[in-house]
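Listed below, chain by chain, are the residues.
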Amino acid sequence: MSSAALSKVTIPEEARIKELYEQISVRCSRLQQLGQAATEYDKAFKGRLSEAILYLQNACQDSRVTNVVEQLQLLAQKLGLKYQQQGSSILLTSEGTFCFFVAINEARKVTGTQLVLGKDLDQDCHAMMELLRESRYRKLGEHLEALVDLSNRLAACPQKQSALTGLFVVESILMSVYNSGKSTKLADEVLQSPLGHVTPRSGGLPMKLIIFAGPHELLDKQEMRVTDSVPEDFGFHLTILAEYSPQVNILPATTAIFNLASGKVLPVNSQNGIVAQAILMMQLCESLPTCVATIRKIHSLVYGSDQNFSTPQAKNYCELLQASLENKLDFSKNETRVVHLPGQRHYILFPASNSLHSADMLSKISFFHPFAAVQIVPLLRQQLVYNSLVKSCFGSASSNLSPGDCVLCI
């Protein structure tokens, strides 16, 4: 993209785009001068360069249609929302679940927004208004997509208002738990706090809990220190949602049922709860290979016991774990891998069959009480730590064991 092309981009952050363009140009010319010596130099700047390119792409795509009315029409059509224009106001609605109101003046500038979930549950949508004012329609689309997802999850629920009330009460409780143990250090929050690093519901985006991150993610490679910023795809996270359940459940209706600081935990009942054919959900960002023993513990925390626990079909834990790795194991035989460390070698034996390591893929967890969520997060974090450790053992194949070599059996 040339400087002339950039000069045609008419959005509020035009100066920022030009600044990023100049940074890319200067860095590329330096890399050409350095030649082969540029390898490490390039690695240090790779994250920054990717951010700049992505920013430019989004800005240019957002600016193709500058008319806010046309953009909202396109979004409504894409997401299957009902579009209504009443004078200077625009409504985007999903029947029975949410209504997004946008006020526009004669100059077609956004003057106000309102987001209503259910019949009368007003939600903070300041972030969505800022995105409209900055013409960042792709990002606004993410908020609306999340609202459509929530609408689809509760489509068959006849008590949508009650389900949403229960969801918001739980979000409020979890936010209180997070604030009570909040740390100034991101690494401490992600790895040690009861709920990890929590981002509250914002506009259409659900509450997000980042509960684990590996060393390579926690390290700021440019500054060579532990990072204190949270990139968009940082760490392993889960979101708090509500969805339809064929069974009638009692969801929390008051924050008085749980206080972590005082240790107060009250059961949810007809006096402090609300009835709905819905269930609360922890949606994992990706399916997690999880040992059956951990799944059983989670079931006991949610339902109070493991009496009705149905053991999933046994699958090899390591086989599930290696699905995303290039260095595959052959589970038809005992196989040994070697991991090379400075001055030493570690041999790891993967038995052909090991009933103690039966596992299943975990993608979401239903729950009824916020205290269960607080207890489940450490179990998930423990599984993530264990998975990271075992993944590090998938070194190169080796059969050259010598007497006295130390072998770790997985």
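One can find the structure itself at the top, above this paragraph.
A quick note: this is a predicted structure, and the numbers were derived from the prediction, not measured. (Residues numbered from 1 in each chain as written. Predicted model: local features only at pLDDT ≥ 70, side-chain atom pairs only at ≥ 80, totals over all residues. Heavy atoms only, no water.)

Through backbone hydrogen bonds, the strands of a sheet pair up, either in parallel or in antiparallel fashion. Judged by pairing direction, the sheet is antiparallel, and its five strands sit side by side in the order 1-2-3-4-5 without closing on themselves. Among the strands making up the open sheet, the edge pair consists of strand 1 (82-86) and strand 5 (121-123). Shown here is a sheet whose adjacent strand axes are inclined to one another by a mean of 20°, direction ignored. Relative to strand 3 (residues 98-104), strand 2 (residues 89-94) runs antiparallel, the two being bridged by six bridges. Across the sheet, S89 pairs through a bridge with A103, a residue of strand 3. Docked against the sheet, helix 5 (residues 126-133) engages strand 3 and strand 4 (110-117), running at close to 145° with respect to strand 4. Of the strands in this sheet, strand 4 and strand 5 are in contact with helix 7 (residues 160-180), which crosses strand 5 at around 45°. (Pairing = 2+ DSSP bridges. Helix = DSSP H or I, 4+ residues; strand = E, 2+ residues; numbered from the N terminus. Axes fitted to C-alpha atoms, helices over the stretch in contact; angles between N-to-C directions. Contact = heavy atoms within 4.5 Å.)

Looking at the element boundaries, G87 is found in the loop between strand 1 and strand 2. With relative accessibility at 66%, the residue G87 sits in the exposed group. In sequence terms G87 and N105 are 18 residues apart; their C-alpha atoms lie 9.8 Å from each other. (Buried < 20%, exposed > 50% of the residue type's maximum accessible area, 1.4 Å probe, protein only.)

A large share of strand 3 lies buried, amounting to five of its seven residues. Where strand 2 folds back on strand 3, the antiparallel hairpin that results is connected by three residues, among which G96 adopts a positive phi of roughly 80°. Sheet topology note: the strand 3/strand 4 ladder contains seven bridges and is antiparallel. Of the residues in strand 4, the one forming a bridge with V102 is T113. As consecutive antiparallel partners, strand 3 and strand 4 are separated by five residues, and within that stretch R108 has a phi angle of approximately 60°, a positive value.

We now examine the packing of helix 4 (residues 68-79) against helix 6 (residues 137-153). At a minimum axis distance of 11 Å, the contact between helix 4 and helix 6 shows a crossing angle of 35°. Remark: the crossing between helix 4 and helix 6 carries right-handed chirality. On the side of helix 4, the interface is formed by V68, Q71, L72, L75, K78 and L79, while helix 6 contributes Y137, L140, G141, L144, E145 and V148. Residue composition of the contact of helix 4 with helix 6, grouped by class: eight nonpolar, two polar and two charged. (Left-handed = near helix turned anticlockwise from the far one by under 90°. Nonpolar A, V, L, I, M, F, W, Y, C, P; charged D, E, K, R; others polar.)

With that settled, consider the pattern of salt bridges. All told, the structure shown has eight salt bridges when counted by the stated rule. A salt bridge links R133 to E130, with the nearest nitrogen and oxygen atoms 3.9 Å apart. Of the two residues, R133 and E130 are both situated in helix 5; the distance of three residues between them amounts to about one turn of the helix. We classify E130 as partly exposed; its relative accessible area is 25%. For R153, the salt bridge is made with E243, and the minimal N-O distance between the two is 2.6 Å. Of this pair, R153 sits in helix 6 while E243 sits in strand 10 (residues 236-252), and the two are 90 residues apart along the sequence. Connected through shared salt-bridge partners, D149, R153, E243 and K364 make up one network. (Salt bridge = Lys/Arg side-chain N within 4 Å of Asp/Glu carboxyl O.)

Before going further, it helps to spend a moment on the sheet that holds strand 6 (residues 197-199). Here we have six strands laid out as an open sheet, ordered 6-7-10-13-17-14, and antiparallel in their pairing. Strands with a single pairing partner mark the edges of an open sheet, and in this sheet they are strand 6 and strand 14 (315-316). With eleven bridges connecting them, strand 10 and strand 13 (residues 273-291) associate as antiparallel partners. From the neighbouring strand, N249 faces strand 13, where its bridge partner is A276. Along the sheet face, helix 10 (residues 292-303) touches strand 13 and strand 17 (358-367) and points at about 20° away from the line of strand 17.

Note on helix geometry: an α-helix contains 3.6 residues per turn, so any two residues three or four positions apart are oriented the same way. Across its twelve residues, helix 10 extends 16 Å between first and last C-alpha, which sits within 8% of the 16 Å expected from 1.5 Å per residue. Burial in helix 10 covers these residues: V292, T294, I295, I298, H299 and V302. Buried residues in helix 10, looked at end-on, bunch into an arc of 155°, giving them a common side. Looking at the buried side of helix 10, the elements it contacts are strand 13, strand 17 and helix 12 (370-391). Backbone geometry just after helix 10 places G304 at a positive phi near 90°. (Expected span 1.5 Å × (residues − 1). Arc of directions from axis to C-beta.)

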